[in-house]
Amino acid sequence: MEWCTAQNQVIRSRNEIPYRELNEFQKEISDYLDRNFRLIAFDVINLKENEDKNIRNLIAILSNDDHSNLKVATTEIDIREKVPSLSLKYPSFAIFERILAEEHGIDFKEHPYLKPMRDINFPFIYPLSKELHQVGVGPVHAGIIEPGHFRFTCEGEKVLSLEISLGYQKRGVKQLLLKYLKEKQPLTKIFALAESIVGDSSVAYAHLFSIIIESLANIFPDKRDLAIRGIFSEMERIAMHIADLSAIANDVAYLSTSAFLQALRTQIINNLLAICGSRFGRNFFGIGTNRLDFDADTIENMRKNLIDVRNSFINICDDFFSNAMIIARLENTSIFTKEYAKILGQVGISAKASGLPIDARSNHPYGIYRNFPIYPYTLKNGDVYSRAFIRYIEVQQSIKFILEVLDYFPVKEKNDFDKPILKMPELMKDSFCINIVEGFRGEIASFVTTDSKKDILDIIIVDPSVHNWYGLSVAMRNSAISDFPVTNKSFNLSYCGNDM
Amino acid sequence: MKEFIYFLLKIILIIFSPPLMIGIINRVKAIWAGKYGQSILQPFYDIIKLLRKKTIRSNTSSFVTTFALPLQFVSNLIALLLIPFGKIKPFISFEGDFFFFIGLLGLSTFCQIIMAMESAGSFQGMGASREINFSIFIEPAIILLFSSMIFYTKSYSMNKMLMEFGFLSLEKIMVGVILGISFFLLILIEGKRIPIDDPATHLELTMIHEAMILDLSGKDLAIAIYSGYLRIFIFSLITSNIFIPTFISTNLSILFLILIIMFISIVVGAIESLFPRVRMNHIPDFMLLVLSLSVIIIALMFTMNT
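What counts, and where the lines are drawn
Residues numbered from 1 in each chain as written. Chains lettered and ligands numbered in written order. Predicted model: local features only at pLDDT ≥ 70, side-chain atom pairs only at ≥ 80, totals over all residues. Heavy atoms only, no water. Helix = DSSP H or I, 4+ residues; strand = E, 2+ residues; numbered from the N terminus. Polar contact = N/O pair within 3.5 Å; in protein donor to acceptor, adjacent residues only side chain to side chain. Contact = heavy atoms within 4.5 Å. Buried area = accessible area lost by both parts, 1.4 Å probe. Salt bridge = Lys/Arg side-chain N within 4 Å of Asp/Glu carboxyl O. Nonpolar A, V, L, I, M, F, W, Y, C, P; charged D, E, K, R; others polar. Phe/Tyr/Trp six-rings, centres within 6.5 Å; stacked < 30°, edge-to-face > 60°. Buried < 20%, exposed > 50% of the residue type's maximum accessible area, 1.4 Å probe, protein only. Domains from an automatic or database assignment. Axes fitted to C-alpha atoms, helices over the stretch in contact; angles between N-to-C directions. Parallel < 35°, antiparallel > 145°, perpendicular 65-115°, else oblique. Left-handed = near helix turned anticlockwise from the far one by under 90°. Pairing = 2+ DSSP bridges. Core = buried A, V, L, I, M, F, W, Y, C linked by side-chain atoms within 4.5 Å.

## Brief notes about the side chain of His141(A)
Residue and element names in this part refer to chain A. Within the fold, His141 resides in the loop between β9 (133–137) and β10 (149–155). At 2.7 Å, the side chain of His141 and the backbone oxygen of Gly148 are in polar contact. In this structure His141 touches Glu146, Pro147, Gly148 and Phe150, once residues within four positions along its chain are discounted.

## Regarding the interface of chain A and chain B
Contacts between the two partners involve 32 residues from chain A, matched on the other side by 25 residues from chain B. With both chains or domains summed, chain A and chain B bury close to 2,300 Å², and 64% of this area falls on carbon and sulfur atoms. Three residues stand out in chain A for area buried against chain B, namely Ala253(A), Leu255(A) and Met325(A), and they jointly supply 22% of the buried area on that side. Scanning the region where chain A abuts chain B turns up 1 salt bridge. In this structure, Glu157(A) and Arg130(B) form a salt bridge, with 2.7 Å as the shortest nitrogen-oxygen distance. At the junction of chain A with chain B, the criterion picks out 6 residue pairs in polar contact (both at pLDDT 80 or more). Those elements that place two or more of their residues in the side of chain A that touches chain B are β9, α6 (223–251), α7 (255–276), α9 (324–330) and α15 (484–491) of chain A. Tallied by class, residues from the side of chain A that touches chain B come to 17 nonpolar, 9 polar and 6 charged.

## Side note on the packing of aromatic side chains
Residues and elements named next belong to chain A. Tallied over the full model, the rule gives 38 aromatic pairs over all chains. Aromatic side chains Phe42 and Phe93 sit 4.9 Å apart centroid to centroid with 75° between the ring planes, which places their arrangement in the edge-to-face category. Of this pair, Phe42 sits in strand β4 (residues 38–44) while Phe93 sits in helix α2 (residues 93–104); the two residues are 51 residues apart in sequence, bridging distant segments of the chain. Side by side, Phe42 and Phe93 carry an identical accessibility label, which is buried. Following the ring pairs from residue to residue traces out a cluster consisting of Tyr254, Phe313, Phe320, Phe321, Tyr385, Phe389 and Tyr392.

## A few points about the domain arrangement of chain A
Residue and element names in this part refer to chain A. What the domain assignment lists for chain A is domain 1 (4–109) and domain 2 (220–424). For domain 1 and domain 2, the distance between their C-alpha centroids amounts to 32 Å. Roughly 910 Å² is buried in total at the junction of domain 1 and domain 2, and carbon and sulfur atoms are behind 49% of that figure. For the domain 1 face of the interface with domain 2, the top three residues by lost area are Asn8, Arg38 and Asp65, together amounting to 45%.

## Quick look at the packing of helix α4 (residues 97–118) of chain B against helix α5 (residues 122–135) of chain B
All names here are of chain B. Two numbers describe how α4 lies on α5: the axes approach to 8 Å, and their chain directions differ by 155°. What the angle tells us is that α4 and α5 run roughly antiparallel. Judged by the sense of rotation from one axis to the other, the crossing of α4 with α5 is left-handed. On α5, the residues that touch Thr109, Ile113, Ala116 and Met117 of α4 are Gln124, Gly125, Ala128, Glu131, Ile132 and Ser135.

## Structural notes on the environment of Asn15(A)
Tracing the chain through its elements places Asn15(A) in the loop between β2 (11–13) and β3 (19–20). Taking the C-alpha atoms as reference points, Asn15(A) and Thr378(A), separated by 363 residues in sequence, lie 39 Å from one another.

## Some remarks on the pairing of β10(A)
Residues and elements named next belong to chain A. When you tally the buried positions in β10, you get 5 out of 7 residues, the bulk of the element. Direction of pairing for β10 relative to strand β11 (residues 158–165): antiparallel, over a ladder of 7 bridges. Paired with Thr153 across the bridge in β11 is Ser161. Linking β10 to β11, which pair antiparallel, is a turn of 2 residues; within it Gly156 sits at a positive phi near 65°.

## Notes on the sheet that holds β9(A)
All names here are of chain A. Judged by pairing direction, the sheet is antiparallel, and its 3 strands sit side by side in the order β9-β10-β11 without closing on themselves. Every interior strand has two partners, whereas the edge strands, β9 and β11, have only one. Each neighbouring strand pair of the sheet contributes to a mean axis angle of 20°, computed without reference to strand direction. Seen against the sheet, helix α14 (residues 464–475) touches β10 and β11 and runs at an angle of roughly 160° to β11.

## Things to note about the nonpolar core
By size, the foremost hydrophobic cluster in this structure holds 133 residues, and its most contacted members are Phe42(A), Phe232(A), Phe294(A) and Phe447(A). Counting residues per element, this core draws most heavily on α6(A), at 12 residues. Counting contributing residues, this core receives three or more from each of domain 1 (4–109) and domain 2 (220–424) of chain A. By size, the runner-up hydrophobic cluster in this structure holds 83 residues, among which are Ile22(B), Phe165(B), Leu186(B) and Phe233(B).

What follows is the structure, given as structure tokens:
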């Protein structure tokens, strides 16, 4: 039996989500996963109002990236009963099952390691052999990164296992967002909250929130607004990728590249500051249109700035990536193979560096990417060098994209600035919608349902970091412990995106 | 009177040159990265700041830290007293003192390692194991380098050895170049500079030397840092002594010495800006480079003898 086929940003009726018995549900999931589908989200969702306290609705969202379609189905489980785990056969479920076990008390039998995802007081695996030793790093780190604890079990310099303990950043932001939406708080406040779900991809989250509301309310923004949104997303991607490359160069003590790239990043985020008053692109997105439009000066400055950045960036990175000592340092460091990337459901940079072309901008195109698609480049090695090089390529792609969009900049057809931009529109009742945007780390997926009173009933947000943290710990296996900082920087995952 | 001036000059050089070298290195790195950079005197300020701070020790540390830390500092200092400054005699000199010199360096490394092990942190243990692993390759190299110098100067004290080794004489220029390069590489290795270890890093997992002093604070840290500076200065002094020609006057040799040490600082700064760190498991390759250079010198020695 086929599941309900959905598409990015397309609104469907809530009744169309098929219901399956649990064993049937799991069997069909494994059928789909064997047929080149991958898991996007697996979570509890509130589908019916006023339900039994012990009954939970589980939803699985699977994606076929080649045909841009998404499959959705739900099942019902009783939290007093044990549920067979899918993790042993499909490890990409392991993280989601751990989250469900922690948040809803669902007991998955035969799960290899049902440790709570965001509990900071849970003990670690302890080696019994005296030959092995453990090294703990964090939660307070040197430098300016978020809190998280890493526990290495090592044999000399070789890492045998890495256990990552997060949860220091758990703020309940998803529940707060839902509460704000239900209380009908002012939209500026909700946007500010959405932008701070993950502070360094605030543009991507604001973009996601805009398209969630627009698809639920059947609003179609002007093409010029979509273009500006695309430009903003790509500006954020350029800035963050340059910052990541700078951090990688700093970790291998290649100081000049690090300093120059930091200066370039400032050039990009200062451009955002000049446009919207925030270096991280905050307070810009709206519903139906954006809060600001570009004038001729802005476009000209941006074009000049980007051409300048591109010239410097290519010069700096050509030097960096062709330096023999850099190649020796980064190549074959923490290899993450394509097989692992596939079964662990990796997205974003780590998937592309391992040879999986997963990118929402071409797989599930939205907004301006329908007209100006960006195809994902892939490398097959899966080492730190590939992950850095993918960033180098993506920055160039993004600059090219922005310059192209600026050249064919659509004119605003209807002037809707007299419309209230920051007013919550009326949503469609009893419907659901899947929205995926590509942040700089990877795809940010969301699933939203509305109830019969045209209010938002429940929301699921999956940050790319949820998928990819597991990838980091697998990539570290059998590599040297001194390679961890640079491997961590090459993944550059979000702590607060994982903890929500 | 002249002797007294030289005596004062040596003391001034010993106290002020090591932090000044680090200041110059940091300044060169900053300029290379397009920054204005900190003052050349910043290492002095750092040490003075640390000396004013309160010292906190790990709960697990015992009398070992109390005696190992001064011992490490003093052994580095005495090793420095064995080396001539250009054509000025060193403070201490006797036949066969190069063995004493190597022993002192070993003692200082040993003190640092037991001090690191004692604080019982996982990073310190890791740093200590790396340090001991890599210093194995260095000691034989230093012995071989000194023995080649003994062969050419026929003297067993470091004073005569370094003073009489004429770099510019025709038969020694090849050996001189290799010796100079070897001792220069030893500056990077013993000073824990960039291709080996990053002195500016904040990443606990990749540190070698920094990991070992991670648990020290206040005056303890000031002493440990100054010992590290002395280590760099010792090897820069040996390197510059090799490059000073034999035929110049004593006063000129001091000028030469200061210029060469400044040049060495600039070159170290440039190397730190131009090269990234090598991977941890490739560091022994770097050490073996020095060892193989010393073996080449010995081979040259035999070919010239026959």
